[in-house]
Amino acid sequence: MTETATLAAAVDRYEVVIGLEVHAQLLTRSKMFCPCPADYTSAAPNENTCPVCLGLPGVLPTINQQAVDFTVRTALALHCDIPPFTKFDRKNYFYPDLPKGYQISQYDLPLSVNGLLEFPVAGESVRCGITRVHLEEDTGTMHHAGDVLQSATSSLIDLNRCGVPLMEIVGEPDLRTPEAAREYLVRLRQILTYIGVNDGNLEKGSFRCDANISLRPRGAHELGVKVEVKNMNSFRAVQRALESEIERQTGVLDAGGTLVQETRGWVEAQGRTISQRSKEQAHDYRYFPEPDLPPLRLDAAFVERVRATLPELPEARAHRFQQQYGLTAYDAAVLTDTRDEADTYEALVAAGVPAKLAANWQSGDVAALANEHHVPLQHSGLGIDGLTSLLRLVEAGTINGPTAKELLAELYVSGGNPEALVRERGLAQVSDTAELSALVDAAIAANPAAAADFRAGKQQALGQLMRAVKEATGGKADMPLVNRLLRERLSEQ
Amino acid sequence: MTPRTITELAAALRDGSATPRTLLSAALAHVDRTEKDLNAYLAVTRELGYAQADAAAHMLEEHPDMASPLCGIPMALKDVLCVDGIDTTAGSKILRGFKPPYTSTAVQRLFDAGAVCVGKTNCDEFAMGSSTENSAYGPVGNPWDIERVPGGSSGGSAATVAAGSVPYSLGSDTGGSIRQPAALTGVVGFKPTYGRISRYGLIAFASSLDQIGPFTRTVEDCALVYAAIAGHDPRDSTSDPRAVDDPLASLHAGVEGMRLGIPREYLGEGTEPGVRDAVQAAFRVLEAQGATLQEVSLPSTDVALSVYYIIAPAECSSNLARYDGVRFGSRVERPSLTDMYLQTRGAGFGNEVKRRVMLGTYALSSGYYDAYYRQAQKVRTLVSQEFEAVFKEVDAIVCPTSPSVAFPMGSHDDPLSMYMCDVVTLPANLAGIPGISVPCGFVDGLPVGLQVIAPRFEDARVMRVAHAYEQATGFHAQLSPYASAAA
Ligand SMILES: [Zn+2]
């Protein structure tokens, strides 16, 4: 059987239950509990550290208010309740990337609870509960001389990342397929980047996902044995890891075996998960309230102030784009994929570019160029203003489509003023009826066979005549006008 | 008469009979003469001290009116207080060689006032103990009888003031670690309200109980040091933002008309008869000053000790996790990480620290948390509520500081008998309220301390009562043999 067939067969007999835990670093200026810069990627190892994040004796944490604001913002975007009282707790375990020997996290009174995320899977809307969103601190990073710490001959520790604010978003076990898990993450990342709290980078680990998955026979009420899957650093990896885990668990259950509660790691190169830690080896984290930080009281007025900073969320914006600009659901979704994309679109329309024209160009040629050069429009040579000028020239009929495409590709890289360039190079479209009529006549005279074929009903013969006129204008002819003039002339006789 | 108090020394600096350098030199010479008997210091900071003395001299010369009363006065710091670039061990082998790259807030405030640091004082390892016998660097002698302990954990800070080397020092009090050694060495020791003094830079033992405070010869000096270090610190989220009452403003107001409570549970069977007699005599002195004394009850006192020995070890088990040999302090090299952790901590920590780390780890473990830690927190709340109820009836509590006078070294070899030393001091830590110990007599030549406890943020009231008592008696003026010899 093929992989897909195996999976389909498994899903026939077993219900898959998936819950996701996402760790998202917050885009704050400073770390969670000290004034060090939170940007850990551009600094030399251990440069962005201080006595507090190094866990030196005698230091104390202080709460980063921006991190609290961002977490509340996230909680609101995910329709969570925000209890008036929340506190931090210590999660105790030993590891060299955790200088204090405990992580400051939140245990029984998280910052927010009872949220909801809605997202489309294959055209259907799916809802997944959000158990909680809480705030904690990230650990440092380690570089082992060897694969893993246990067999390494030496290990280097970089504590730049240590103390970076980290949000943990725990989803309910409401997901039923690997595809839904993937789409949940796509929508969650979209929301976090929309509200400006996270940069959504799975590869660099600023947005990380662990999955809990269990299988139960269809119709059963009790949940099966839960396996936690880690080490997935792309959306695709999440989906593949869960698919592979479904196959593995199905195999065990079908063979009459029992699954063990454990943590497994996804090995991309091998396309399978391997066991990392059994339940017996699980840590006892000895959570207790962090005595160095007083509890936080988040009153309703504060929550409302944060709510006021929430931008329009992607789903609502896509809906509005359909209503306001007459876009299709597909175009609206594409153009609201990121907040930048949607802002760009609305800037073009606000500058007078017709909604449809802007949508076609932005999601077509502009998107292709952004992809090709790995530079978004706003950082390209052209910029949003340049594209606006270019599309105005198209709209006014000053240049034709092919000219606009060529200009777009050139200006995207090198920059420049489209209007000036059109003047300078004489790229303005030839749309003078008298001039074009003469060229049409000449084309018919030069291609009598094609003219005869068209008159005989062969529509495609028009192409040859169109090309002849186009060439005669150096590509600048207003082609819709040429098309009309040719048809008029050929139907006269 | 040789000047001995901060007030007297500050006057000497201003009338030209002393300079910061002569005071420091005298202090260093005194330390040199007495250290072989006392072992009160883990480090003498000669270089830092002279630099500070010169800066203080400059300040006194240029801006005599603006100079703090602490300017140019020598002092010592318990070795749990971090000072930039100065060895800080917390009395533990595991921190041997550790030099913090920063200075604790309370110490910085003293330095800013022109204080002159003589050295870092010996203490029980990580402030865990009541005799200073748990120091990895040897015990401290009590200046009244060097065969006896000075109390603990801030034994070195108490002993150096009692010996007359310095007029004041800082200690830390988690369950009585300032007040009990102050009582046992015949000096004033004050634990302020929790949140009054920043803990930033204080090596943590039990974060919700730890508080920095001074040892001095007089209550007035205590008020001066307290005023210099108290107040909000944005680097300590548990430090309180409200304004600090100036304790000097009400220091001389007396106790006329004050209602003072004597908790019947604090004078129980464990109290030595001599201590009881001295404290009861003190009550009569306060009565003669116009205070009304009445018996009050704090029924949870007997369980407070158990609660303390769950909460403090629980917090310590977590606070001491950072001593793992990875980044600072001593490390036992081993090929595997787990072995390195085990060997480093096994070799670096003493028995009492290990005992408390294990107690705390157990109390927080899954399956035991509810029975121990959660239950202890509930009783802790009860202890606070009982104090609140008592403070509706009385303005302050007066009682012994320690059930006994200084005991011979090695005499409390089982941990439980040592834990009993703090039975009348630790409730104030659980409730976060201020408490002071002031000398109130002698039993066979050994000092006894009177403790005064008041509601939260009534630190000035504690000093006011202690000052009234001190001025009416004069036990504070009696000097230990080491201090007399220096005269
Ligand atoms: Zn830092």
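Residues numbered from 1 in each chain as written. Chains lettered and ligands numbered in written order. Predicted model: local features only at pLDDT ≥ 70, side-chain atom pairs only at ≥ 80, totals over all residues. Heavy atoms only, no water.

Peer 1: What is the right way to read the overall build of chain B from this model?
Peer 2: The number of helices and strands found in chain B is 17 helices and eleven strands. Relative to the compact-globule value of 23 Å for 487 residues, chain B shows a C-alpha radius of gyration of 21 Å, a close match. For chain B, the spread of C-alpha atoms along the three principal axes comes to 65 × 50 × 45 Å. Taking all 487 residues of chain B together, 63% fall into the buried category. Of the accessible surface of chain B, which amounts to about 16300 Å², a share of 52% is contributed by carbon and sulfur atoms. For chain B, the distance from the average position of its 39 positive side-chain charges to the average position of its 53 negative side-chain charges is 5 Å. (Helix = DSSP H or I, 4+ residues; strand = E, 2+ residues; numbered from the N terminus. Rg over C-alpha atoms; globule rule 2.2 N^0.38 Å. Buried < 20%, exposed > 50% of the residue type's maximum accessible area, 1.4 Å probe, protein only. Areas by Shrake-Rupley, 256 points an atom, 1.4 Å probe, with all protein chains shown as cover. Lys, Arg positive; Asp, Glu negative; His and termini not counted. Charge placed at Lys NZ, Arg CZ, Asp CG, Glu CD.)

Peer 1: I'm lost on the domain arrangement of chain A in this one. Help?
Peer 2: Per the domain assignment, the segments of chain A are domain 1 (3–302), domain 2 (314–425) and domain 3 (433–491). Just the C-alpha atoms count here: the centres of domain 1 of chain A and domain 3 of chain A sit 64 Å apart. (Domains from an automatic or database assignment.)

Peer 1: Is there a simple way to think about empty space enclosed by the protein in this case?
Peer 2: For the coordinates displayed, the defined rule picks out four cavities of 30 Å³ or more. Estimates place the volume of the largest cavity at around 130 Å³. Lining the largest cavity we find 14 residues, and of these F33(A), V52(A), C53(A), K100(A) and E137(A) sit closest to its centre. In the lining of the largest cavity, the residues fall into ten nonpolar, two polar and two charged. Considering the residues around the second largest cavity, the lining is formed by P57(A), G58(A), V59(A), L60(A), Y102(A), D292(A), L202(B), I203(B), A204(B), N319(B), R322(B) and Y323(B). Here the lining of the second largest cavity is composed, by residue class, of eight nonpolar, two polar and two charged. (1 Å grid on protein atoms, 1.4 Å probe; cavity = no way out; pocket = protein on both sides within 12 Å on 5 of 7 lines; lining within 4 Å. Points joined across faces, edges and corners; volume = space filled by probe spheres on them. Nonpolar A, V, L, I, M, F, W, Y, C, P; charged D, E, K, R; others polar.)

Peer 1: Just checking my understanding: could you explain the layout of surface pockets for this structure?
Peer 2: Space inside the second largest pocket adds up to approximately 930 Å³. What lines the second largest pocket is a set of 31 residues, and nearest its centre among them are P294(A), P295(A), S208(B), Q377(B) and R380(B). Of all elements in the fold, only β14 (288–289) of chain A together with α13 (370–393) of chain B reach the threshold of two or more residues within the lining of the second largest pocket. Counting residues per element, the lining of the second largest pocket draws most heavily on α13(B), which supplies six residues.

Peer 1: It is not clear to me how the state of the cysteines should be interpreted in this structure. Could you clarify?
Peer 2: Two cysteines whose sulfur atoms are joined by a covalent bond form what is called a disulfide. Residue and element names in this part refer to chain B. For the structure shown, the criterion picks out zero disulfides over all chains. Not part of a disulfide, C222 finds its nearest cysteine sulfur in C440, a span of 16 Å. Judged by relative accessible area, which is 0%, C222 ranks as buried. (Disulfide = S-S within 2.5 Å.)

Peer 1: What exactly am I supposed to notice about the interface of chain B and chain A here?
Peer 2: Interface extent is often summarised as the accessible area lost during association of the parts. Taken together, the contacts link 39 residues of chain B with 32 residues of chain A. The largest per-residue losses of area from chain B upon contact with chain A belong to S237(B), R322(B) and R327(B), which jointly make up 21% of the total buried on that side. If you look at where chain B meets chain A, you find one salt bridge. The closest approach of N and O atoms between D292(A) and R199(B), which form a salt bridge, is 3.0 Å. (Contact = heavy atoms within 4.5 Å. Buried area = accessible area lost by both parts, 1.4 Å probe. Salt bridge = Lys/Arg side-chain N within 4 Å of Asp/Glu carboxyl O.)

Peer 1: Could you clarify how one ought to interpret the coordination of the zinc ion in this entry?
Peer 2: Between any two of four tetrahedral donors, the ideal angle at the metal is 109.5 degrees; between two of six octahedral donors, it is 90 or 180 degrees. All names here are of chain A. Only C34 (SG), C36 (SG), C50 (SG) and C53 (SG) from the protein reach the zinc ion as donors, at distances of 2.3 to 2.4 Å. Positions of the donor residues of the zinc ion, expressed as sequence spacing, correspond to C-x1-C-x13-C-x2-C. Of this pair, C36 sits in the loop between β1 (14–25) and α2 (65–77) while C53 sits in the loop between β1 and α2, and the two are 17 residues apart along the sequence. By relative accessible area, which is 7% here, C36 ends up buried. (Donors = N, O, S within 2.8 Å, 3.2 Å for Na, K, Ca; no water.)

Peer 1: How should I be thinking about the nonpolar core in this particular structure?
Peer 2: Soluble, globular proteins show a tendency: their nonpolar side chains are buried together. All names here are of chain B. Ranked by size, the top nonpolar core spans 158 residues in total, and within it F126, L170, F387, V398, I436 and L450 carry the most contacts. Residue contributions to this core peak at nine residues, all from helix α10 (residues 301–319). Other than its neighbours up to four places away in sequence, L450 contacts V279, A282, F283, L286, V398, C399, T401, I436, S437, V438, C440 and Y469. (Core = buried A, V, L, I, M, F, W, Y, C linked by side-chain atoms within 4.5 Å.)

Peer 1: I tried to follow the sheet that holds strand β13 (residues 272–278) of chain A on my own but got confused; where do I start?
Peer 2: Neighbouring strands of a sheet are bound in pairs by backbone hydrogen bonds; such pairs are parallel or else antiparallel. Residue and element names in this part refer to chain A. Ordered in space as β5-β6-β9-β1-β10-β11-β12-β13, the eight strands form an open sheet in which the pairing is mixed. Here the strands that pair on one side only, and so sit at the sheet edges, are β5 (112–121) and β13. When strand polarity is set aside, the average angle formed by the axes of neighbouring strands in this sheet is 30°. Where strand β11 (residues 227–232) meets strand β12 (residues 262–267), four bridges bridge the pair, whose relative direction is parallel. By the bridge assignment for β12, E228 is matched with T263. α2 rests against β5, β6 (124–137) and β9 (165–171) of the sheet, and its axis sits at about 165° to β6. Lying on the sheet, helix α4 (residues 235–254) is in contact with β1, β10 (207–217), β11, β12 and β13; it crosses β10 at an angle near 25°. (Pairing = 2+ DSSP bridges. Axes fitted to C-alpha atoms, helices over the stretch in contact; angles between N-to-C directions.)

Peer 1: When you look at unusual backbone geometry in this model, what are you seeing that I'm missing?
Peer 2: Peptide bonds are mostly trans, and most non-glycine residues show a negative phi. At the junction of G152(B) and S153(B), the peptide bond is cis and its omega measures out at 10° in the coordinates. Structurally, S153(B) can be placed in the loop between β3 (116–121) and α5 (155–162). The backbone of N114(A) shows a phi angle near 60°, a positive value even though the residue is not glycine. In this fold, N114(A) is placed in strand β5. Residue classification places N114(A) among the exposed residues on the basis of a relative accessible area of 51%.

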